[in-house]
Amino acid sequence: MTSNLEDTEYKFRSHQLISVVNKMRDEGAQFDVDIPTIVFCGNQSAGKSSLIEAISSITVPRSEGTCTRCPMEVRLTDDGENQEKSHEPDSKWRAKITLRLEFDDSSPTSTRRPKPEEVEFGDVLQDKSLVQDALRRAQKAVLNPSREIDHYIKADEDELEKEQDELQFTRNVVCIHITGAKVNLTLIDLPGIIRSTEKDQDKHFIARVINIVKEYITKKNSIIIATVSCKDEIQNQEIFNLAKEADPEGERTIGVLTKPDTVGEHEEKDWVNIMRGEKFSLALGYYMVKNPSTKRLKDDITFEEAREEEREFFKSSQVWGQYINKFEDRFGVDHVRSALSRKLVEMIESTLPEMRNTIDTTLSNIKAQLKELPEQVSNDYRLELTQLIRSYTANVQDLVLVTNGKVKIHQKLKECYKRFVKQLKDTRPCLVVEKKSDNNYTLDEVRGEIESQRGRDLTGFVQYGPVRVIINKSQKDWGEIALGVLSEHHKLLQEAALEEIDKHFLRFKQLRERVRYYIEQHANEMSNSSSTLVDTLANAEVSVPITENEHYYQAIVEKEMSKYKKEPSSIDPNNNNYKNEQEDQALRSLNSLGYNIKKEDLARLLKDPDEEVHRVIASARAYHKVSRKSFTDAILKTINYVFYRKFAESVNDFIIKELNILNGDDDHLAKLLSEDKSVVYKRKTLREQEARLRKVNQEMMKVV
């Protein structure tokens, strides 16, 4: 009684677990999770497809080796409740075929698709006799990717017979979903491993098939069914080596020996040792099956008859009958089917926590990725566009006006200001011994300028004319320098505004390009209007030397003059007026009269023989400094107000007007808000994956 109860509980649990895994596959979870899977593989003609037929009770295509040219996934569900209520075992049997397109075979490299697709192929089948033809057509469909799938559903037999396949092999999968089966399993039938090809140009198919096999059996949750033919020594069969490489300990590999009828009497010793685990051992061991011969298949032998003949073969065989008691639970398809079911259930049970964790982690990652993506725009295009532009221009205003902590442009402008001040300062006139630039003057040059401008003025009287000439020469490039600083401001503003465009409109290609164009246009217009004013200020500044800041001007003149008195020798190295003896004698005389004078004060008391020259230069330098300061402030204030502030204040209205947001029709606005395909695709893919995994999670939650 206890045994019956345990059997019932196990049957319920196994049905529950395998049903959940099958539903996970139905939802496409195999794209996200390593789902436990039984993978049948072996050398070509090893009897692998016959084994699949025996376990699944369906007939697979055999003509031209079609069944070996693409992976086939067989999902079996026993539909236990309906089976128990029906007197006819197959009364609820039905099958549905789909094509799982994971690779783009239309490309030369057959690259993996970003999003695998499972496509229905034909109607639901309720007659087992229709399965073979339906599978053959389905496999033709995946082997000919350039043709419409419907062609292979509707084409007549003669047409299909004549048609040459585009591909010899494909990694895309034909899936058959069977309910009402006698077992809960999911099986993968892989193309048979080939050793040679008829044509030399087809040799690359050998490696391609091996790569397909490796792709499936290296997954740690795959149960490897290594199908080994007794017609050839096991060490000569590639599948054994591949299985050992993928599963070194043999913990998830089951060996199935086929074609035992090819072993002659007294030739079975090596195979018996393999069955015993003494040679080529596997943790899960070996099974031996006897499938119908080609002749019996042509006789349309039933699956029930095939199993009965198999049992009779092992009992009556002169070779294998003597081992029936020793290997009774290892002979026959029924024992293979039971072993596969047990191992699959065991693996599902053990991997459920890991699969749950994988799904939870993946869902968290999807949520994070979706959060990073911008929200999909609403259908209120006018409002969406207005808000997008306003958000963008608000950021630009903060950058331009240095508000809300946005100091990036200001920091770059500070360097620009320094260069501007230095450029102007470098134009000031200087008195030198040897002329080196246009703003340098020697004593003789200044004397000549004074004489050329002298009229009825008395000697020693500083003329306005020479000072003005020198001032004009020093200021001749101020207009160009001022326009240069405006150009730098223009460049910095435009770079910052364009950089913000990519941040705000990255997913809207058309809108991004339009806003970029209008920003450049608006910046150019504002710069042009500012340049006119800057040019006017420069011309006004250099036209006539005028200043109301006379006190400051005179103070600078005297300061400049004191430099020439202090250091006359620096101007004229041949000047020998200052002799140490004379200085010492003068200091003693003055101090004896009560004057407290130091040696460095003597220079101020001496007569400057070049005072007229020095005063001209001092006056020009003093005015240059006064003018330079006021000009610098005027230019920077003008640029800041007429260009920067006006740009910031008008940019939002300008763009909205140019984009015709307020008056444009919905089609126009929708085009502006059309997202980049990459963003749309990524959001769609993530949401589909999220929905798929949530459904999978719901199914998994049903398993306690």
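Computed from a predicted model, the values in this text were never measured in an experiment. (Residues numbered from 1 in each chain as written. Predicted model: local features only at pLDDT ≥ 70, side-chain atom pairs only at ≥ 80, totals over all residues. Heavy atoms only, no water.)

1. A look at the overall build of the protein
Then comes step 1: If you tally the helices and strands in the protein, you get 25 helices and 11 strands.
Then comes step 2: For the C-alpha atoms alone, the extent of the protein along its principal axes is close to 150 × 70 × 60 Å.
Then comes step 3: Expressed as a percentage of the 704 residues in the protein, the buried residues total 48%.
Then comes step 4: Long-range pairs, those at least 24 residues apart, make up 78% of the contacts in the protein with a sequence separation of at least 6.
Then comes step 5: Here the protein contributes 109 positive and 121 negative side-chain charges, whose respective centroids are spaced 5 Å apart. (Helix = DSSP H or I, 4+ residues; strand = E, 2+ residues; numbered from the N terminus. Buried < 20%, exposed > 50% of the residue type's maximum accessible area, 1.4 Å probe, protein only. Contact = heavy atoms within 4.5 Å. Lys, Arg positive; Asp, Glu negative; His and termini not counted. Charge placed at Lys NZ, Arg CZ, Asp CG, Glu CD.)

2. Concerning a nonpolar patch on the surface
Then comes step 1: Taken together, the side chains of Y464, V544 and I546 define a hydrophobic patch exposed on the protein surface, amounting to about 300 Å² of accessible area.
Then comes step 2: On the secondary structure map, I546 appears in the loop between helix 18 (509-543) and helix 19 (550-566). (Patch = residues over 30% accessible without salt bridge, like charges linked within 9 Å, V, L, I, M, F, W, Y side chains within 5 Å. Areas by Shrake-Rupley, 256 points an atom, 1.4 Å probe, with all protein chains shown as cover. Salt bridge = Lys/Arg side-chain N within 4 Å of Asp/Glu carboxyl O.)

3. Describing the pairing of strand 8 (residues 253-258)
The side chains of a regular strand alternate, first on one face of the sheet and then on the other.
Then comes step 1: Of all six residues that make up strand 8, six are buried, and the element is covered over most of its length.
Then comes step 2: Covered by surrounding structure in strand 8 are T253, G255 and L257 together with I254, V256 and T258, the residues of both alternating faces.
Then comes step 3: For the segment spanning strand 7 (residues 222-229), helix 8 (residues 238-246) and strand 8, crossover handedness is right-handed.
Then comes step 4: Once you follow strand 8 into helix 9 (residues 269-276) and on to strand 9 (residues 286-288), the crossover reads as right-handed. (Right-handed = clockwise from strand over helix to strand, strands pointing away.)

4. Digging into unusual backbone geometry
Note: most residues except glycine have negative phi, and most peptide bonds are trans.
Then comes step 1: Phi at S57 takes a positive value of approximately 60 degrees, unusual for a residue other than glycine.
Then comes step 2: Locating S57 in the fold gives a position in the loop between helix 2 (48-56) and strand 2 (72-77).
Then comes step 3: Despite not being glycine, K259 shows a phi value in the positive range, around 55 degrees.
Then comes step 4: By the secondary structure assignment, K259 is in the loop between strand 8 and helix 9.

5. Quick look at the pattern of salt bridges
Then comes step 1: Evaluation of the coordinates by the stated rule reveals 46 salt bridges.
Then comes step 2: One salt bridge in this structure joins K96 and E120, with 3.5 Å as the shortest N-O distance. Taken together, the residues span a long stretch of sequence, with K96 in strand 3 (residues 94-104) and E120 in strand 4 (residues 111-125) at a distance of 24 residues.
Then comes step 3: Ionic pairing is found between E560 and R621, a salt bridge with its closest N-O pair at 2.9 Å. Of this pair, E560 sits in helix 19 while R621 sits in helix 23 (residues 611-658), and the two are 61 residues apart along the sequence. Comparing E560 with R621, the two get one shared label, buried.

6. Focus: the packing of aromatic side chains
Then comes step 1: Enumeration over the complete set of coordinates arrives at 12 aromatic pairs.
Then comes step 2: Judged by centre distance (5.1 Å) and plane angle (85 degrees), the ring pair of F240 and F280 falls under edge-to-face. Of this pair, F240 sits in helix 8 while F280 is found in the loop between helix 9 and strand 9, placing the two residues 40 residues apart along the sequence.
Then comes step 3: Aromatic rings pair up to connect F313, F314, W320, Y323, F327 and F331 into one cluster.
Then comes step 4: Just above the ring of F103 sits the side chain of R171; from NZ or CZ to the centre is 3.7 Å.
Then comes step 5: In this arrangement the basic side chain of K219 is found over the ring face of Y216, its NZ or CZ atom lying 5.6 Å from the centre. (Phe/Tyr/Trp six-rings, centres within 6.5 Å; stacked < 30°, edge-to-face > 60°. Lys NZ or Arg CZ within 6 Å of the ring centre and 35° of its normal.)

7. With respect to the pairing of strand 2
Then comes step 1: For strand 2, the buried fraction is high: six of the six residues fall into the buried class.
Then comes step 2: Both faces of strand 2 are covered, namely the face carrying M72, V74 and L76 and the face carrying E73, R75 and T77.
Then comes step 3: Sheet topology places strand 2 next to strand 5 (residues 173-179); six bridges connect them, and they run parallel. If you follow E73 over to strand 5, its bridge partner there is C175. (Pairing = 2+ DSSP bridges.)

8. Some points on the confidence of the model for the protein
Then comes step 1: Residues with a pLDDT of 70 or more make up 90% of the protein, whose mean pLDDT is 85.
Then comes step 2: Confidence drops under a pLDDT of 50 for residues 81-89, and excluding neighbours within four residues, the segment shows nine contacts in the predicted structure. (pLDDT = per-residue confidence, 0-100.)

9. Side note on the environment of G122
Then comes step 1: Inspection of the secondary structure assignment puts G122 in strand 4.
Then comes step 2: When the C-alpha positions of G122 and A138 are compared, they lie 8.9 Å apart, and in sequence the two are 16 residues distant.

10. Details of the environment of S530
Then comes step 1: Within the element layout of this structure, S530 appears in helix 18.
Then comes step 2: Owing to a relative accessible area of 1%, S530 belongs among the buried residues under this scheme.
Then comes step 3: A sequence separation of 426 residues divides S530 from D104, and the C-alpha atoms of the two residues are 58 Å apart.
Then comes step 4: For S530, the residues in contact, after removing those within four places along its chain, are L486, V642 and F643.

11. Some remarks on the side chain of D189
Then comes step 1: As for its position among the elements, D189 is in strand 6 (residues 185-189).
Then comes step 2: A polar side-chain atom of D189 sits 2.7 Å from a polar atom in the side chain of K48. (Polar contact = N/O pair within 3.5 Å; in protein donor to acceptor, adjacent residues only side chain to side chain.)

12. A closer look at helix 23
Then comes step 1: Of all the bends found along helix 23, the most pronounced is centred on S650 and spans about 45 degrees.
Then comes step 2: Remark: N660 follows helix 23 within two positions and exhibits a positive phi of approximately 60 degrees. (Bend = angle between axes of the 7 residues up to and from the residue.)

13. Here we look at the packing of helix 7 (residues 204-217) against helix 8
Then comes step 1: Axis separation between helix 7 and helix 8 bottoms out at 10 Å; the angle between their running directions is 35 degrees. For the crossing formed where helix 7 meets helix 8, the hand is right-handed. Two secondary-structure elements touch here, helix 7 through I210, V213, K214 and I217 and helix 8 through E238, I239, L242, A243, E245 and A246.
Then comes step 2: Along the lines of polarity and charge, the residues of the contact of helix 7 with helix 8 split into seven nonpolar, no polar and three charged. (Axes fitted to C-alpha atoms, helices over the stretch in contact; angles between N-to-C directions. Left-handed = near helix turned anticlockwise from the far one by under 90°. Nonpolar A, V, L, I, M, F, W, Y, C, P; charged D, E, K, R; others polar.)

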